[in-house]
Amino acid sequence: MLSDLLHSAGDPLEDETVGLLAYATLTPQHAGAFRSYLKVARHAFDLEAILKGDARWPAEPDERDLLYFLAETFRVRLARDLPADKRHASSAVRQFAFRAKSLLVELAEISLEMAQLVIADDEAGNPRLPSWFLVEAARDLPRLVAARA
């Protein structure tokens, strides 16, 4: 239904109009996720740019939905790219893990809730991220925070 509405309304639509249409046709959770995706697509917020250091986490209060979307995407990326056993991590993966720990600190400075979302267990209480990464993040957190001060 949303797709039909967007196509019939034509381009370009303001973000606010798209938001109204999304909330009118989708569940609130799906509408929020769609709006976040749209911001990413329209405004070039990109997790890859954040990972590379070319962009920062969005920090404005009106970008909270975008921050949520990027935090979710970050968690999925970590779960996908980090091996269960650290011994199977290449040097590139270890560098990625180190960068990810720094990004967690930056994210926590903006929203502790979003940083917790990244490392939280799933609904059944099972870790989503490898244990070695969580242990290293907890161990390195004071050093990473001190380095930013």
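Everything that follows concerns the structure shown earlier in this document.
The structure reproduced in this document is the subject of the present report. Counting restarts for each chain: residues are numbered from 1 in the order of the written sequence. Local features are withheld for residues below a pLDDT of 70 in this predicted model, meaning they are given only at 70 or higher, and side-chain atom pairs are given and counted only at 80 or more; totals for whole chains, interfaces and linings count all residues. As a rule here, side-chain values come from all non-hydrogen atoms in the structure, and water together with hydrogens is ignored.

## What about the packing of helix α1 (residues 2–9) against helix α2 (residues 15–25)?
So, point 1. Think of each axis as a best-fit line through the C-alpha atoms, taken over the contacting stretch in the case of a helix, with angles from 0 to 180 degrees between the N-to-C directions. Helix and strand assignments come from DSSP, with helices taken as H or I runs of at least 4 residues and strands as E runs of at least 2, each series counted from the N terminus. One way to put it is that α1 packs onto α2 with a least axis distance of 9 Å and a crossing angle of 150 degrees. For the element pair α1 / α2, the angle class is roughly antiparallel. The chirality of how α1 crosses α2 is right-handed. Of the residues in α2, those touching α1 at L2, L5 and L6 are V18, L21, A22 and T25.
So, point 2. Broken down by class, the residue content of the contact of α1 with α2 amounts to 6 nonpolar, 1 polar and no charged. Put simply, angles under 35 degrees are roughly parallel, angles over 145 are roughly antiparallel, angles from 65 to 115 are roughly perpendicular, and the rest are oblique. Note: crossing handedness is left-handed where the near helix turns anticlockwise from the far helix by less than a right angle, and right-handed where it turns clockwise. Here, residues are in contact when the closest pair of their heavy atoms is within 4.5 Å. When residue character is reported, Ala, Val, Leu, Ile, Met, Phe, Trp, Tyr, Cys and Pro are called nonpolar, Asp, Glu, Lys and Arg charged, and the others, Gly included, polar.

## Section: helix α5 (residues 64–81)
So, point 1. What a helix should span is 1.5 Å times the count of its residues minus one. Its 18 residues place the ends of α5 25 Å apart at the C-alpha level, agreeing with the 26 Å of an ideal helix rising 1.5 Å per residue.
So, point 2. Among all positions in α5, only L66, L67, L70, A71, E72, F74, R75, R77 and L78 are buried. Here's how the labels work: a residue is buried when its accessible area is under 20% of the maximum for its type, exposed when over 50%, partly exposed in between, all with a 1.4 Å probe on protein chains only.

## Considering the nonpolar core
So, point 1. By nonpolar core is meant a set of buried Ala, Val, Leu, Ile, Met, Phe, Trp, Tyr and Cys residues that side-chain atoms within 4.5 Å join together. Residues W57, F74, L78, L82, L107, V118 and F133 are the most contacted members of the largest nonpolar core, which totals 26 residues.
So, point 2. When contributions to this core are tallied by element, the ones reaching two or more residues are α4 (47–52), α5, α6 (91–110), α7 (112–119) and α8 (131–148).
So, point 3. Looking at which element gives the most residues to this core, the answer is α6, with 7 residues.
So, point 4. Membership of the second largest hydrophobic core comes to 7 residues, among which are L2, L21, A31 and L38.

## Here we look at the packing of aromatic side chains
So, point 1. Whether two aromatic rings pair depends on their centres lying within 6.5 Å, for rings of Phe, Tyr and Trp, where Trp uses its six-membered ring; planes under 30 degrees apart make the pair stacked, over 60 edge-to-face, and the rest tilted. Under the criterion given, the structure shown has 2 aromatic pairs.
So, point 2. Note on W57 and F74: the rings are 5.5 Å apart at their centroids and 65 degrees apart in plane angle, and the pair reads as edge-to-face. Placement of W57 in the loop between α4 and α5 and of F74 in helix α5 is noted, with a sequence separation of 17 residues between them. Assigned by exposure class, W57 and F74 land together as buried.

## Remarks on the pattern of salt bridges
So, point 1. Salt-bridge detection follows one rule: a side-chain nitrogen of Lys or Arg within 4 Å of a carboxyl oxygen of Asp or Glu. One pass over the structure, following the stated rule, counts 12 salt bridges.
So, point 2. Across the pair E48 and R77 runs a salt bridge whose closest N-O atoms are separated by 2.1 Å. Taken as a pair, E48 in helix α4 and R77 in helix α5 lie far apart in primary sequence, 29 residues in all.
So, point 3. R77 gets classed as buried once you look at its relative accessible area, which sits at 17%.
So, point 4. In this structure, R87 engages D85 in a salt bridge whose closest nitrogen and oxygen atoms are separated by 2.5 Å.
So, point 5. Under the relative-accessibility criterion, R87 is labelled exposed at 70%.
So, point 6. Exposure remark for D85: the relative accessible area of 21% places this residue in the partly exposed category.

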